[in-house]
Amino acid sequence: MELHSAGENALMLYLGDNASPAVAARVQAACKAVETALGDHLVDLVPSYASVLILYDPLLTDHLSVGHRVRRAVANLADVSDSQGRLVVLPVYYAPEAGADLEMLAQRAGLTPEQLIDLHAGTEYRVYAIGFAPGFAYLGQVDERIAAARLATPRLRVPRGAVAIADRQTAVYPAVSPGGWNLIGRCPTRMFDPTATPAMPVAVGDRVQFEPVDRARYLALGGEL
Amino acid sequence: MTLEVIQPGILSLLQDRGRFGRHRIGLTNGGPLDPHAFAWCNRLLDNDPNATVVEVSFGGARFRSRVDTFVCVTGATMPLRINNRELPRWAVHPVAAGDEISLDFADSGCRAYLGVADGFSVAPSFGSTATVMREAIGGLCGDKLRAGDLLTCAAVAQRKRHYLHPASQPRYQDRVTVRVIPGYQQARFSRLQQRRFFSHAYTVSERSDRMGYRLEGPAIHCDIGGILSEGICAGAVQIPADGQPIVLLNDRQTIGGYPKIGSALSLDTARLAQLRPGGIVHFAPVSPHGAHNALHLAHSQALRQPMLEHHL
């Protein structure tokens, strides 16, 4: 555990140096402990793969008090068990018409598209971080055999719901945006809906399983092509 | 009852203090780039400190009042005219239905705040009216103001004619010193690179915006190319592969994987955001203690600064 100064109203808590389920569980547990320890002095938390950015109100408290309380809260966390998080199932229509890079990615991995789909849908992922854009959840880890570098030239327009791979991470694009990840399918579930409560179906620490669906089912669930 | 946008200028955005506590779904803060000028706008108007105002960048904006109320403009020195008559900024003025309010291009500074008595009435998204165009959230439909937009506000018959003494008004220079608390991946920058960062002048790039101010100058080398993505706070100074610093501001992404050398004080990012492209920036290191002290001093000074009143 390391605690660093990150600004006039921020401390950065490092809980590991790699992305792993064990570190993610520590991040989750640390968030809860810090929330309890800081109460109203806490403004926001940004959990990520192996760190938590702690933002406090510098007119109510200071870095020394926050640092002290965070260290104490996190020290008692030592033997936290891997909290499992909720399991969220997201349907995906895997097909060349829904994922422009599916065939190319399979070919490069020496697999058939079906084998690639089995590997992608056969892995349970964890939500490591949310950022980049509202509702963009970084899921890991993708099976090594289908990990893929980002595109050399990002696309100017990736459709909403695109399911994509970059390195050993996968994600569902919450809205139309530019993007350099490899597209393999589309998910009809809205990942970010400002009018819904909650606005996102997943939170950091949750588990995600992709469920392959066919074209008809994808469209019936509200998917667009 | 509304204020009509006749001409939005280059970039005009509805802003309250910003959106807080929503980083966990990926939403950034938004809010005024110059919180000091924003706060004075609402204070002079006797508004709630979180009331919604219009942040006008660079200038060139015109509005028509369709209501009797009071307005106030603070921030960059954009000549303020009401029905073509130039009036002082940092002061509350009455407007009547039909009056035209214009903010010309700024002589100095870059961001001005146009407020009305009781603020603009905007439905909040995720607890705030702050417009973040990248997220398409806040303001009117998550977008900048366009000609023809109608900004709802109340008819107000009475308001004190507060003004801030000219000697108390900020002077916006084309050169600022930004104090930085070293932190984050500071240890990944050699002593030589840190000294280079703190001893040279940087120039504000044309590609600066509400996400971040990009600077041009001596490249800063970091021992690592990237890091495991982590949270980014307002003011973080990111050093990408080309070594040119980016000071991340209100509309920044909430997480990222570039190394950071430290984090700028909000008092100074307010001044930084008043610079236009070509402006000069110097960085100075400050301890967390020093930063805390500076913040509290500025806060108590602002509370003690007297508002004067025109009695007409």
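Starting from 1, residues in each chain are numbered consecutively following that chain's sequence as written. Each chain gets a letter, beginning with A, and each ligand a number, beginning with 1, in the order they are written. Restriction of local features to residues with pLDDT of at least 70 applies here, the model being predicted, together with a cutoff of 80 or more for giving and counting side-chain atom pairs; totals for whole chains, interfaces and linings are based on all residues. Side-chain descriptors were evaluated using all non-hydrogen atoms of the structure, hydrogens and water having been removed beforehand.

(A) Structural view of the sheet that holds strand β10 (residues 169-172) of chain A. Residues and elements named next belong to chain A. Strand pairing follows a simple DSSP-based rule, namely that at least 2 bridges must link the two strands. A run of DSSP states H or I qualifies as a helix once it reaches four residues; a run of E qualifies as a strand once it reaches two. Both are numbered from the N-terminal end. With respect to topology, seven strands assemble into a closed barrel ordered β5-β12-β9-β10-β7-β6-β13, the strand pairing being mixed. Adjacent strand axes in the sheet meet at a mean angle of 40°, parallel and antiparallel pairs treated alike. Two elements, strand β5 (residues 87-94) and strand β13 (residues 207-212), share six bridges in a ladder whose sense is parallel. Bridging from a neighbouring strand, Pro91 pairs with Glu211 of β13. Along the sheet, helix α4 (residues 113-121) contacts β5, β6 (124-130), β9 (162-166), β10, β12 (182-186) and β13; its crossing angle with β13, the most-contacted strand, is approximately 150°. An axis is simply a line fitted to the C-alpha atoms; with a helix, the fit covers only the stretch in contact. Between two such axes, the angle follows the N-to-C directions and lies from 0 to 180 degrees. Contact criterion: two residues are considered in contact whenever any of their non-hydrogen atoms come within 4.5 Å of each other.

(B) Representation of the interface of chain B and chain A in the model. Taken together, the contact between chain B and chain A spans 36 residues of the former and 41 residues of the latter. Around 3000 Å² of area is buried between chain B and chain A when both sides are counted, 65% of it from carbon and sulfur atoms. By definition here, a salt bridge exists when the distance from a side-chain nitrogen of Lys or Arg to a carboxyl oxygen of Asp or Glu is within 4 Å. Here chain B and chain A share one salt bridge between them. A salt bridge links Glu35(A) to Arg24(B), with the nearest nitrogen and oxygen atoms 2.7 Å apart. Two N or O atoms count as a polar contact when they lie within 3.5 Å, although within protein this holds only if one can serve as hydrogen donor and the other as acceptor, and sequence-adjacent residues are included solely when both atoms are side-chain atoms. For the pair chain B and chain A, the number of links is 13 residue pairs in polar contact (both at pLDDT 80 or more). Breaking the side of chain B that touches chain A down by element, the ones donating at least two residues are β13 (175-182), β16 (230-231) and α4 (288-304) of chain B. The term buried area denotes the loss of accessible surface (1.4 Å probe radius) that occurs when two parts are joined, taken as the sum for both partners.

(C) Looking closely at the pattern of salt bridges. Residue and element names in this part refer to chain B. Going through the model one piece at a time under the given rule, you end up with 19 salt bridges over all chains. With its nearest N and O atoms 3.0 Å apart, the salt bridge here joins Glu230 to Lys260. Linking Glu230 in strand β16 with Lys260 in strand β20 (residues 260-264), this pair joins segments that are 30 residues apart in sequence. Buried, partly exposed and exposed residues are distinguished by accessible area as a fraction of the type maximum, computed with a 1.4 Å probe on protein chains only: under 20%, between the cut-offs, and over 50%, respectively. The exposure class assigned to Glu230 is buried, which follows from its relative accessible area of 3%. Taking relative accessible area as the criterion, Lys260 reaches 1% and is therefore assigned buried. It is possible to trace a salt-bridge network through shared partners that takes in Glu55, Arg210 and Asp251.

(D) Main features of the domain arrangement of chain A. Residues and elements named next belong to chain A. Taken domain by domain, chain A holds domain 1 (2-80) and domain 2 (87-220). The partner domain 2 presents eight residues to the eight residues of domain 1 that form the contact. For the pairing of domain 1 and domain 2, the buried interface totals around 730 Å² over both sides, and the portion due to carbon and sulfur atoms is 56%. The interface formed by domain 1 and domain 2 contains zero salt bridges. Linking domain 1 with domain 2 are three residue pairs in polar contact (both at pLDDT 80 or more), by the criterion used here. Element by element, the count of residues in the side of domain 1 that touches domain 2 is highest for helix α1 (residues 21-38), at three residues. The residue classification treats Ala, Val, Leu, Ile, Met, Phe, Trp, Tyr, Cys and Pro as nonpolar and Asp, Glu, Lys and Arg as charged. All others, Gly included, are polar. The residue makeup of the side of domain 1 that touches domain 2, split by class, is five nonpolar, three polar and no charged. Domains are outlined according to an automatic or database domain assignment.

(E) Molecular detail of empty space enclosed by the protein. Buriedness of a pocket was judged along seven lines, with at least five required to meet protein on both sides within 12 Å; pockets are open sets of points on a 1 Å grid over the protein atoms alone, cavities are sets where a 1.4 Å probe fits but cannot get out, and lining residues have an atom within 4 Å of a point. Grid points are joined across faces, edges and corners, and a volume is the space filled by probe spheres set on the points. Under the definition given, this model contains one cavity of 30 Å³ or more. In this structure, the largest cavity spans a volume of roughly 30 Å³. Lining the largest cavity we find Gly7(A), Glu8(A), Tyr56(A), His63(A), Ile181(B), Pro288(B), Ala291(B) and His292(B). Residue contributions to the lining of the largest cavity peak at three residues, all from α4(B). Looking at side-chain class alone, the lining of the largest cavity contains four nonpolar, three polar and one charged residues.

(F) Quick look at the pairing of β12(A). All names here are of chain A. Most of β12 sits out of view: five of its five residues are buried. Sheet topology note: the β5/β12 ladder contains two bridges and is antiparallel. Bridge pairing in β12 places Tyr94 opposite Gly185. As judged from the four bridges shared by β9 and β12, these two strands associate in the antiparallel manner. Of the residues in β12, the one forming a bridge with Ile165 is Asn182.

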